[in-house]
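# Secondary and tertiary structure notes
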Amino acid sequence: MTTLKQIHDATTLNNGVTMPWLGLGVWKTKDGDEVVQAVTDALAAGYRSIDTAASYGNEAGVGQALQASGIPREQLFVTTKVWNADQGFESTLRAFEESRRKLQLETIDLYLIHWPVKGKYKETWKALIKLHDEGYVRAIGVSNFQAHHLQDLIDDSGVVPAVNQVEFHPLLQQLELRRFCQKQRIQLEAWSPLMQGNLDLPLLTELAGKYGKSPAQIILRWDLQHGIVTIPKSVTKHRIQENADLFDFALTDEDMTHLDGLNQDRRFGPDPDNFDF
């Protein structure tokens, strides 16, 4: 079980780079004032990791907020992702330059392949390896990759992704994928950790009462104690602050086991083996 004491605690990726356990996700957050305010509020609450993507259309606003924060660059951890339409070797390199320009950053901390597009993700991965080797990216990884996609990449390139960001929550615990990632030292990261707001589960309500926390805080703490990096998304200041208030309690082994028992292999997002975008 992972022991965490403060918001700045970080995991060490398989290439030696450190990454905060907790970050702010900005999926579906509008570019401009909304994303600038969300990132600003998160940084004020102590977050130092921000997760965006080219397809979110808000990299420019994220970059604006980071520049205005005055926080030294080395204290920030910024993730973005190459979109499906831009996959391929040369097109990925071009897409990266566009993301970097919008974010107003010389280097990106973590660059991910957003989805495993058939016939393209291996060439895309080669582009990420080049970016990493040339020092433009500190760590490279993937998102929404199943174990067979990961094995395919590793067999083809010999380079193991540092991170795999996937849908992960109490109803979708990805047990086989977690085992594979642990064996390969790939850090698992949870998107939609709060089940897109579907928190009305009796066990969550019960544990929230027991610990004096919200159901969301119970899930996020469960993520962290399982050694899963988590990036809850919110645009509401008090929620952003609440989602970071995870370090003054710990779930017992028994309660962790109860939460583990909720798994239904239920997705709220697309299936990585069957998507068409």
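Just so you know, these numbers come straight off a predicted model, no measurement behind them. (Residues numbered from 1 in each chain as written. Predicted model: local features only at pLDDT ≥ 70, side-chain atom pairs only at ≥ 80, totals over all residues. Heavy atoms only, no water.)

## Focus: unusual backbone geometry
For Ser-192, which is not glycine, the phi dihedral falls at a positive 50 degrees. Mapped onto the elements, Ser-192 comes out in the loop between strand 9 (187–191) and helix 7 (202–211). On the accessibility criterion, Ser-192 (13% relative accessible area) is buried. (Helix = DSSP H or I, 4+ residues; strand = E, 2+ residues; numbered from the N terminus. Buried < 20%, exposed > 50% of the residue type's maximum accessible area, 1.4 Å probe, protein only.)

## Side note on the pattern of salt bridges
Scanning the entire structure with this criterion turns up 13 salt bridges. Among the salt bridges present, the one from Asp-109 reaches Arg-73, with a minimum N-O distance of 2.8 Å. Pair noted here: Asp-109 is in strand 6 (residues 108–113) and Arg-73 is in the loop between helix 2 (59–69) and strand 5 (77–82), with a separation of 36 residues, a long-range link. The partner of Asp-245 in a salt bridge is Lys-213, and the shortest N-O contact between them spans 3.3 Å. Of this pair, Asp-245 sits in the loop between helix 9 (237–244) and helix 10 (253–260) while Lys-213 sits in the loop between helix 7 and helix 8 (215–225), and the two are 32 residues apart along the sequence. What makes Lys-213 buried here is its relative accessible area of 12%. Each member of the salt-bridge network shares a partner with another, and the members are Arg-73, Asp-109 and Arg-138. (Salt bridge = Lys/Arg side-chain N within 4 Å of Asp/Glu carboxyl O.)

## A look at the nonpolar core
In terms of nonpolar packing, the biggest core is built from 88 residues, with Leu-24, Val-39, Leu-66, Ile-218 and Leu-259 touching the most fellow members. Ignoring any residue separated from it by four or fewer positions in sequence, one finds Val-39 in contact with Leu-24, Val-26, Ile-50, Val-62, Ala-65 and Leu-66. (Core = buried A, V, L, I, M, F, W, Y, C linked by side-chain atoms within 4.5 Å. Contact = heavy atoms within 4.5 Å.)

## A short note on the sheet that holds strand 7 (residues 137–143)
Ordered in space as 3-4-5-6-7-8-9-10, the eight strands form an open sheet in which the pairing is parallel. Each edge of the open sheet carries a strand with a single partner, namely strand 3 (24–25) and strand 10 (229–230). (Pairing = 2+ DSSP bridges.)

## Considerations on the packing of helix 1 (residues 33–44) against helix 2
Geometrically, a packed helix pair is captured by the angle between its two axes and the distance between the axes. The interhelical angle for the contact between helix 1 and helix 2, taken along N-to-C directions, is 40 degrees, at an axis separation of 8 Å. Taken together, the axes of helix 1 and helix 2 are oblique relative to one another. In this structure, helix 1 meets helix 2 at a crossing whose hand is right-handed. In this structure, helix 1 uses Val-35, Val-36, Val-39, Thr-40 and Leu-43 to contact helix 2, whose residues at the interface are Gly-61, Val-62, Gln-64, Ala-65, Leu-66 and Ser-69. (Axes fitted to C-alpha atoms, helices over the stretch in contact; angles between N-to-C directions. Parallel < 35°, antiparallel > 145°, perpendicular 65-115°, else oblique. Left-handed = near helix turned anticlockwise from the far one by under 90°.)

## Structural notes on the environment of Asp-276
Counting through the fold element by element, Asp-276 comes out in the segment after helix 10. Exposure remark for Asp-276: the relative accessible area of 76% places this residue in the exposed category. Along the backbone, Asp-276 and Val-117 are 159 residues apart, and their C-alpha atoms lie at a distance of 8.9 Å.

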